[in-house]
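Observations on chain architecture
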Amino acid sequence: MKEVLLDIKDLQVHFRVYGGFLKVLNGTNMRVYSGEKVGLVGETGCGKTTTMKAVMRILPKPHGITPEGKIIFKNKNVLSLKTQEIERLRRNEISMIFQDPTAALNPVFTIGEQLLDVFRYSKKNDGLKGKTLKQMAVDSLRAVALPDPERILASYPIQLSGGMRQRVCIALALANQKQLLIADEPGTSLDVTIQDQILRLIHRLAEERNMAVILISHSLGVIREWTERVYVMYAGSMVEEATTPKLFSQPLHPYTQALMECVPRLTGMKTNEGIPGRIPDYFFPPTGCRFHPRCPKKMAICQEEKPPFYQIDDNHQVACYLYKGES
Amino acid sequence: MEELLKVEQLKKHFVTSRGIVQAVSEATFSITAGETLGLVGESGSGKSTVAYMVMGLYQPTDGNIRFKDKNIGKYHQKRPLELKKELQIVFQDPGSSLNPRRSVGKILELPLKIHRIDSQFNLRKRILDLLDMVGLPKEYETKYPSSLGGGEKQMVAIARALSTDPSLIVLDEPTSALDVSIQAKIINTLIRIQKERNLGYLFITHDLSLMRNIAHRVAIMYLGRIVEQALTKDFFETPLHPYTQMLLASIPVVSEEEEKIKPERITSVGEIPSPVNIPPGCVFHPRCPKKMDICSQEEPTMVEYKPGHFVRCYLY
């Protein structure tokens, strides 16, 4: 049995706004084993990034709160760690790559200054000389296939292209032998050929270092090609979980099915009319299953109670009352 | 078939302090009524610049744009009102292309007034017809853009483009800011309206799988040049240019059948160079897996590989 690295249990995240709370995450469950590549897919605004920000403890303060749930990373609850401990965690264990590399890098410092900081403040590198640290920075840039690392260390983010900036972000994230990499739409703001290069790079580095990766994307194609297991998320909770080939050959949840049918195919098969409606208002979220107002197969019970996960087989579970009898 | 738009040898160079940016160096294509031409390329390939020149937002440096057999390669200030009525555009981001301080009704009313489409008394009926055409309920007339979702805003932008009854619409990445679930609806609406009104579309996008579903012909741009142009079917069955093959191989797909269509994995390397320093010879040769000696010396010309399938590469 593989070792559980990250275990998110019934996580709730609310945002305090004028007049009440936005109830965004509504009992999210997710489990990541060490060295595994997991995908997280869903429409814009369904809580993918919020979940991961909760794991990193970088939800906006003081508005974002976690009233319930646990995030267990290596037998420690991330939510109850002290500031110093969580900082150590971010430095040595978990890191995150964001969608927009331009916004993730500080425009007034050179790449070298930003990259060296990461190495300098790591406990593992205590007592190392500047020269050795610089060599580590050069090596890390070489590892992400950036040509001419010396020149890049001396340049500012604005002097690099989008693809190069994202590679720098990956180099920053991979410093210090992390065990979990959260990649939040790492290729979405880039061109397809560059996206392909970036995803292949993340895949290769993860294999080499036996690092677990959570790949967030709204593109089902990206998820299919680069992950082993997938969670489908809708409006703040997981609706389906399966191994990647299984999910794509046999999607069960009506939301997953609808999402798959929307994707334009290279074979030119007809696309459907899309999913009617939109992501719910989190101020007054729908009762029961949050997908029921948009669901073509809704039943009376869907409005009353949130469906639990039904285990279909060893590696496929779905949160939908349609499969109540099959588990 | 009637040729609506004909673009020949179009060029656009911008003079900047860092040198001359050759945004578009060679674009030749045509669109007939009722046809969709997909213009595909990476960012920086000059596809939007072509669209803006067609719309008259930029003055071309060289070349011809002919619309219904009249040369129209001039600035929008100099274009007659009747011409502007015929050509409309939908932009990528509906959040910034709709005036946040005007209601949907007012947004749709403005082009009707400018082009004196109908008398004052019929304006409201016209607006409701337009909303109905894009599938929005009539209550939306009084709503403001900020209270609409991204997909609904884009529908309003499409309704606005349709308001003057144009014969050609330029769609500049109309769905790339939206989710797939919303994209499907917009695409279906666009296809339906095209059939009803026999419209020509110049569809600009970077999403090739989307092109497979709506374009009749596809043109691929790389660094300001059209490198391949073909009927959609030929294009996806036999992609010729190494860049096209690289592009197709990079698309993440969702099914096994699609995987089979993709050309055998050509690993994408390098990035699109800056249009200030254009490589000599074939502009693609620094990234090309099949490059030969001649590629770095002389630029290839467009050849017709088979009827209707054009490619700019020494391999053919």
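Residues numbered from 1 in each chain as written. Chains lettered and ligands numbered in written order. Predicted model: local features only at pLDDT ≥ 70, side-chain atom pairs only at ≥ 80, totals over all residues. Heavy atoms only, no water.

Notes on the packing of aromatic side chains
Residue and element names in this part refer to chain B. Evaluation of the coordinates by the stated rule reveals 13 aromatic pairs over all chains. Centre to centre, the rings of tyrosine 222 and tyrosine 243 are 4.5 Å apart; their planes meet at 55°, and the pair counts as tilted. Note that tyrosine 222 is positioned in strand S9 (residues 217-222) and tyrosine 243 in helix H10 (residues 242-250), a separation of 21 residues in sequence. Given a relative accessible area of 0%, tyrosine 243 falls into the buried group. Three or more aromatic residues joined by ring pairs make a cluster, and in this case those are Phe14, Tyr52, Tyr58 and Phe91. Against the face of tyrosine 140 rests lysine 143, its NZ or CZ located 4.4 Å from the ring centre. (Phe/Tyr/Trp six-rings, centres within 6.5 Å; stacked < 30°, edge-to-face > 60°. Helix = DSSP H or I, 4+ residues; strand = E, 2+ residues; numbered from the N terminus. Buried < 20%, exposed > 50% of the residue type's maximum accessible area, 1.4 Å probe, protein only. Lys NZ or Arg CZ within 6 Å of the ring centre and 35° of its normal.)

Quick notes on the pairing of strand S4 (residues 62-67) of chain B
Residues and elements named next belong to chain B. Relative to S4, strand S1 (residues 3-16) runs antiparallel, the two sharing five bridges. Residue glutamate 8 lies in a different strand from S4, and its bridge partner there is asparagine 64. Two elements, S4 and strand S5 (residues 70-71), share two bridges in a ladder whose sense is antiparallel. Note that in S5 the partner of phenylalanine 67 across the bridge is lysine 70. What sits between S4 and S5 in their antiparallel hairpin is a turn of two residues, with lysine 68 showing a positive phi close to 50°. (Pairing = 2+ DSSP bridges.)

With respect to the interface of chain A and chain B
Between chain A and chain B, the contact holds 37 residues from the first and 41 residues from the second. For the pair chain A and chain B, the summed buried area comes to about 3,400 Å², and 50% of that belongs to carbon and sulfur atoms. Summed over the shared surface of chain A and chain B, the result is three salt bridges. Across the contact surface, chain A and chain B share 14 residue pairs in polar contact (both at pLDDT 80 or more). Going through the elements one at a time, helix H7 (162-174), helix H8 (192-209), helix H9 (220-226) and helix H11 (254-262) of chain A are the ones with two or more residues in the side of chain A that touches chain B. When residues in the side of chain A that touches chain B are grouped by element, the largest group, seven residues, is from H8 of chain A. Residues that form the side of chain A that touches chain B fall into these classes: 14 nonpolar, 13 polar and 10 charged. (Contact = heavy atoms within 4.5 Å. Buried area = accessible area lost by both parts, 1.4 Å probe. Salt bridge = Lys/Arg side-chain N within 4 Å of Asp/Glu carboxyl O. Polar contact = N/O pair within 3.5 Å; in protein donor to acceptor, adjacent residues only side chain to side chain. Nonpolar A, V, L, I, M, F, W, Y, C, P; charged D, E, K, R; others polar.)

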